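# Structural overview
Each chain is listed here by its residues.
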Amino acid sequence: MRAAVAAITMVLASLPSPAAAKAAAGAAASAEARTAARLDRIADSPPRLRLFLQAMPKGGDLHNHMGGSIYAEDYLRWAGAGGLCLTTPGYAIVDPPCDAPGRVPAAGLELDYPRWSGAIDALSTRGFEAGVGDRSVSGYDRFFATFASFSAASRGNMGKELAATREQAAADRVSYVELGAGSRAAMTLVTAMEERESDNFAAMTARLAPLLPAVVAQVRADYDAGEAASAAIDQCGTAAAQPACAVEVRYLFTALRTIAPAKVFAQLALAFAMAEADPRFVGVNIAAPEHDPVAIRDYALHMRMIAFLKARHPRVNLSLHAGELVLGLVPPRELAFHIRDAVAVAGARRIGHGVDIAYEADAAALLRRMARDRVAVEINLTSNAVILGVKGRDHPLSLYREAGVPVVLSTDDEGVSRSDMTNEYVRAVTEQGLRYRDLKQIVRDGLHYAFLPGASLWRDRAGGARVAACAVASAPACAAFLATSAKATRQMQLERDMTAFEAMER
């Protein structure tokens, strides 16, 4: 504790004294105004926007899935190095033998451009928005089919996945990632559950209790190994450390909603156990296609499962995929309650996607509740455009912002969608009409609503008044406060980064 306070005090000592704070605030306001004016001048030029926004610090990416964050090219190279095969046609990565009918080795595939290109299209949604590919296959079917196609290449490569995700985050000036992730060790619990079990939560909890400690220990060991491999790839802790080493990653243990109820419960029980056992796991999520017939059938049941486990583990944070639906994809009745139940029944502190908000029963009241309770929405512009066909004025981003609901921009599955965080900010400007101060608020909110431990730097609204201890950033009291809060420490660094960005010549 003393060492942390001393280190932070040394950093803060270089900041303005109280006597100079007023002048510094005026200069900062002027720099912000110049930066905002610059964005206004280039808002209709995507190439110029890309240059501008690439350099802009972006805080946190709170909705990013480990497997889906990887580009197809990486999976194909890993498959080749691992002796895996590619099916033809279909281009799914599978285990050997590779000389069986309808299979070719993944190794050397880059020398066969037609197959290489076809494989990339099969493992991603490349070109979908531009009309490339079989238009009889919907965006959501093409998107979700990719996960089974690259699963074999993902297996055993957690370290490479983490390194690639952190490297991309660093390139986009994202300093913190909450990565949706699971574990194959969960299968021990899943296979122990009988499919006929569904709503006797206490009985299922008792069945799982003696199995959980060993599985938790296995998951922790797997992530220890994955993180060590990632650090080695980027040479973290050495003189040659890569920028990716400065990106902090924590995890949202994510259950899949498309299997039998008892097996979903087993995953959720493990998720809550991980969030209590290991500080790297900062929350719980549930994912997979929300329009899947099993997910539709069991949606309300899943929310009650989460509420039951939340009551037993009240300190565990929840970010839940909800409302990733549109009219026509499912019957209208299925659009009327998913976000509401995630908030009111399960107790979600953040909502992933939230696209169908306008179709919720008494949507106005729900929006007021989310604004009042500061339930943030993770907005995924590229993902929503590809999977649901929702973009531009059809997207509810402006509705949430008008209602006062906090929003953050995130990548979802940037490898599958062939996007990155900078592109999400470009789309926010070109398609949603956001301007610099809007983006700056979103950047700050990306850390304010993160599940990082510790109190926020801000008393209430991010960018408003700071907590009393840091009213003067250089004060010893601020150093002591930051030493107790991983969140506030990240936020203070973001403020320095934003100041430096706004001070750049334009």
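In what follows, the accompanying structure is described. (Residues numbered from 1 in each chain as written. Predicted model: local features only at pLDDT ≥ 70, side-chain atom pairs only at ≥ 80, totals over all residues. Heavy atoms only, no water.)

### So, the overall build of the protein
- Helix and strand content of the protein: 21 helices and eleven strands.
- Over its C-alpha atoms the protein spans a radius of gyration of 23 Å, differing by no more than 12% from the 23 Å that the globule rule assigns to 506 residues.
- Residues classed as buried in the protein amount to 54% of the 506 residues present.
- Across the protein, the fraction of contacts at a sequence separation of at least 24, relative to all contacts at a separation of at least 6, is 75%.
- Accessible area for the protein stands at about 20600 Å²; split by element, carbon and sulfur atoms hold 56% of it.
- Computed over 55 positive and 55 negative side-chain charges, the separation of the two mean positions in the protein equals 6 Å. (Helix = DSSP H or I, 4+ residues; strand = E, 2+ residues; numbered from the N terminus. Rg over C-alpha atoms; globule rule 2.2 N^0.38 Å. Buried < 20%, exposed > 50% of the residue type's maximum accessible area, 1.4 Å probe, protein only. Contact = heavy atoms within 4.5 Å. Areas by Shrake-Rupley, 256 points an atom, 1.4 Å probe, with all protein chains shown as cover. Lys, Arg positive; Asp, Glu negative; His and termini not counted. Charge placed at Lys NZ, Arg CZ, Asp CG, Glu CD.)

### Quick word on the side chain of H65
- Here H65 is to be found in strand β1 (residues 60-65).
- You can call H65 buried: its relative accessible area is 14%.
- For H65, the side chain forms a polar contact with the side chain of H63, separated by 3.5 Å.
- The contact partners of H65, leaving out residues within four places of it in the chain, are L179, G180, A287, H321, D412 and D413. (Polar contact = N/O pair within 3.5 Å; in protein donor to acceptor, adjacent residues only side chain to side chain.)

### What to know about the nonpolar core
- Formed by 101 residues in total, the largest nonpolar core has its most connected members in L53, L270, M370 and Y400.
- The leading source of residues in this core is helix α11 (residues 261-277), at twelve residues.
- Grouped together as the second largest cluster of nonpolar side chains are 31 residues, W78, L109, I120 and L388 included. (Core = buried A, V, L, I, M, F, W, Y, C linked by side-chain atoms within 4.5 Å.)

### Considerations on the packing of aromatic side chains
- A full pass over the atoms with the stated rule returns 16 aromatic pairs.
- Centroid distance Y75 to W78: 5.5 Å. Interplanar angle 85°. Geometry classified as edge-to-face. Placement of the pair is Y75 and W78 together in helix α4 (residues 72-81), with a separation of three residues, close to one helical turn.
- On the basis of relative accessibility, which here comes to 13%, the residue W78 falls in the buried class.
- An aromatic cluster of at least three residues, connected via ring pairs, comprises Y75, W78, F143, F144, F147 and F150.
- Positioned over the ring face of F451 is R350, at 4.1 Å from the centre of the ring. (Phe/Tyr/Trp six-rings, centres within 6.5 Å; stacked < 30°, edge-to-face > 60°. Lys NZ or Arg CZ within 6 Å of the ring centre and 35° of its normal.)

### Some remarks on helix α3 (residues 46-54)
- Buried within α3 we find L49, F52 and L53. The buried side chains of α3 occupy one side of the element, clustering within an arc of 90° when seen end-on. In α3, those exposed residues whose orientation departs by more than 90 degrees from the buried face are P47 and L51. (Arc of directions from axis to C-beta.)

### Concerning the environment of A471
- Locating A471 in the fold gives a position in the loop between α19 (436-448) and α20 (476-483).
- In this structure the C-alpha to C-alpha distance between A471 and H448, which are 23 residues apart in sequence, comes to 17 Å.

### Concerning the sheet that holds strand β6 (residues 248-256)
- The sheet built from four strands is open, its strands ordered β1-β5-β6-β7 with parallel pairing. Edge positions in the sheet fall to β1 and β7 (281-287), since each of these pairs with one other strand and no more. Mean inter-strand twist for the sheet, computed between neighbouring axes without regard to direction, equals 25°.
- Across six bridges, the pairing between strand β5 (residues 176-181) and β6 is parallel. Considered in β6, the bridge of E178 is made with R250.
- Relative to the sheet, helix α10 (residues 212-233) contacts β5, β6 and β7, its axis offset from that of β6 by approximately 140°. (Pairing = 2+ DSSP bridges. Axes fitted to C-alpha atoms, helices over the stretch in contact; angles between N-to-C directions.)

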